[in-house]
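For reference, the chains in residue letters:
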Amino acid sequence: MKSSLKKYIGEGFLIVFSVLFALFINKTFEGYKINEKKAIAKESITRELYRNRAILKNWKEKHVKIRDIISSTIRGEADSIKAELQKYNYLNLGVLTDDESLIDAILTSTAWESAQTTGIITEFDYETIQKLTYVYSMQKVLSERTLMNILDYYFDTASHDLENLDQILRQFQLRFHELTGQEALMMNLYHDAIKQMET
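Parameters at a glance
- Residues numbered from 1 in each chain as written.
- Predicted model: local features only at pLDDT ≥ 70, side-chain atom pairs only at ≥ 80, totals over all residues.
- Heavy atoms only, no water.
- Helix = DSSP H or I, 4+ residues; strand = E, 2+ residues; numbered from the N terminus.
- Buried < 20%, exposed > 50% of the residue type's maximum accessible area, 1.4 Å probe, protein only.
- Contact = heavy atoms within 4.5 Å.
- Core = buried A, V, L, I, M, F, W, Y, C linked by side-chain atoms within 4.5 Å.
- pLDDT = per-residue confidence, 0-100.
- Phe/Tyr/Trp six-rings, centres within 6.5 Å; stacked < 30°, edge-to-face > 60°.
- Lys NZ or Arg CZ within 6 Å of the ring centre and 35° of its normal.
- Polar contact = N/O pair within 3.5 Å; in protein donor to acceptor, adjacent residues only side chain to side chain.
- Salt bridge = Lys/Arg side-chain N within 4 Å of Asp/Glu carboxyl O.
- Expected span 1.5 Å × (residues − 1).
- Bend = angle between axes of the 7 residues up to and from the residue.

Student: So what exactly am I meant to see when it comes to the overall build of the protein here?
Tutor: The helix and strand inventory of the protein stands at six helices and zero strands. Listing the helices and strands of the protein from first to last along the sequence gives α-α-α-α-α-α. In the protein, which comprises 199 residues, the share counted as buried stands at 34%. Contacts in the protein between residues far apart in sequence, at least 24 positions, make up 84% of those at least 6 positions apart.

Student: Quick question: what am I supposed to make of unusual backbone geometry here?
Tutor: Only a minority of non-glycine residues have a phi that is not negative, and only a minority of peptide bonds are not trans. One non-glycine residue, Asp98, lies in the positive phi region at around 60 degrees. Topologically, Asp98 is positioned in the loop between helix H3 (93-97) and helix H4 (110-118). Residue Asp99 is not a glycine yet carries a positive backbone phi of 60 degrees. Position of Asp99 relative to the elements: it lies in the loop between H3 and H4. Take Asp99: its relative accessible area is 69%, and that puts it in the exposed class.

Student: Teacher, can you tell me more about the nonpolar core here?
Tutor: Looking at soluble globular proteins, one finds that nonpolar side chains tend to be buried together. Residues Ile45, Leu49, Leu132 and Phe172 are the most contacted members of the largest nonpolar core, which totals 46 residues. No other element matches helix H6 (residues 165-197), which puts 12 residues into this core. Residue contacts for Ile45: discarding those within four places in its chain leaves Ala111, Trp112, Ala115, Phe124, Leu132, Tyr136 and Met197.

Student: Sorry if this is basic, but what is going on with the environment of Phe124 here?
Tutor: Among the secondary structure elements, Phe124 is positioned in the loop between H4 and helix H5 (126-155). Owing to a relative accessible area of 5%, Phe124 belongs among the buried residues under this scheme. Residue contacts for Phe124: discarding those within four places in its chain leaves Lys38, Ala41, Lys42, Ile45, Ile129, Leu132 and Met197.

Student: I would appreciate a short explanation of the confidence of the model for the protein in the present structure.
Tutor: In regions of low pLDDT, the predicted coordinates are not meant to be interpreted in detail. Overall, the prediction assigns the protein a mean pLDDT of 90, with 89% of residues at 70 or greater. At the low end of the mean pLDDT range in the protein sits helix H1 (residues 2-74), at 83; at the high end sits H6, at 96.

Student: I'm lost on the environment of Ile74 in this one. Help?
Tutor: Its location among the elements puts Ile74 in helix H1. C-alpha separation for the pair Ile74 and Leu165, spaced 91 residues apart in sequence, amounts to 9.5 Å. Those residues in contact with Ile74, other than ones at most four positions away along the chain, are Leu169, Arg170 and Gln173.

Student: Looking at this structure, how should I read the packing of aromatic side chains?
Tutor: Two aromatic rings, taken as a pair, are described by how far apart their centres are and by the angle between their planes. In the structure shown here, the tally under the stated rule is four aromatic pairs. Pairing Tyr153 with Phe172 gives two aromatic rings, centres 5.1 Å apart and planes at 70 degrees, and the pair type is edge-to-face. Of this pair, Tyr153 sits in helix H5 while Phe172 sits in helix H6, and the two are 19 residues apart along the sequence. Its end group placed over the ring of Phe124, Lys42 keeps NZ or CZ at 6.0 Å from the ring centre.

Student: Please clarify how the side chain of Asn92 should be interpreted in this entry.
Tutor: Locating Asn92 in the fold gives a position in the loop between helix H2 (79-85) and H3. A distance of 3.5 Å separates a polar atom in the side chain of Asn92 from a polar atom in the side chain of Tyr88.

Student: Can you walk me through the environment of Lys57 in this structure?
Tutor: Checked against the element boundaries, Lys57 lands in helix H1. Once the C-alpha coordinates of Lys57 and Met187 are considered, the two residues, 130 residues apart in sequence, prove to be 7.5 Å apart.

Student: Got a minute to help me understand the side chain of Thr146 in this structure?
Tutor: Mapped onto the elements, Thr146 comes out in helix H5. Thr146 has contacts with Val141, Glu178, Leu179 and Gln182, leaving out every residue within four places of it along the chain.

Student: Looking at this structure, I do not really get the pattern of salt bridges. What am I missing?
Tutor: Where charged atoms from two side chains of opposite charge approach closely, those side chains can pair. Under the counting rule described, the total for this entry stands at nine salt bridges. Residues joined by salt bridges that share partners form a network here, namely Lys62, Glu100 and Asp104.

Student: Looking at this model, I keep getting lost on H5. Mind explaining?
Tutor: For H5, which comprises 30 residues, the first-to-last C-alpha distance of 42 Å matches the rise-based estimate of 44 Å (1.5 Å per residue) to within 8%. Of all the bends in H5, the largest measures some 35 degrees and sits at Met148. Residues Thr128, Leu132, Val135, Tyr136, Met138, Gln139, Leu142, Thr146, Leu147, Ile150, Tyr153 and Tyr154 constitute the buried set of H5. With a side-chain oxygen lying 3.3 Å from the backbone nitrogen of Glu127, the N-terminal cap of H5 falls on Asp125.

Listed below in structure tokens is the structure:
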């Protein structure tokens, strides 16, 4: 009787140990998979931030140049540009942009959105999530509001009435000051977010 009781206790202990060991292995494997996904997400977001920062650097250089041309034209320091603008029966933006487009690449948020969709973002620390949310929110404002505001104004028929050229240029000057200000802020935000991701 004693030997069978010892046998049952031994078997019971073995079963409990086996179940606990299996749970431990499963939990360890799940933790490994989550850490692996987190590392991939961080790497993807960091690459995306670097790419966006490089694109924005080019945008900023171009937009500061356009802003300065508009400002000097308004101050009367660039009469040749004003004369060139008045040759057309519409506002030829190419005169102000040196025949370049306002944007030649787009800022992306694919890695960030993927991390949110998969839920792996919950594994990031609070400060990182906060910085990334701010960066991508500001990036959206820049791309979808500020730039679109400039394009909407350009495609408005009133902005092609060259009798009001000075007023039109002032409106563009205000919009480009806002744009370049936001771009300067974004450069700092990208820098901070990249630094946070790499620590």
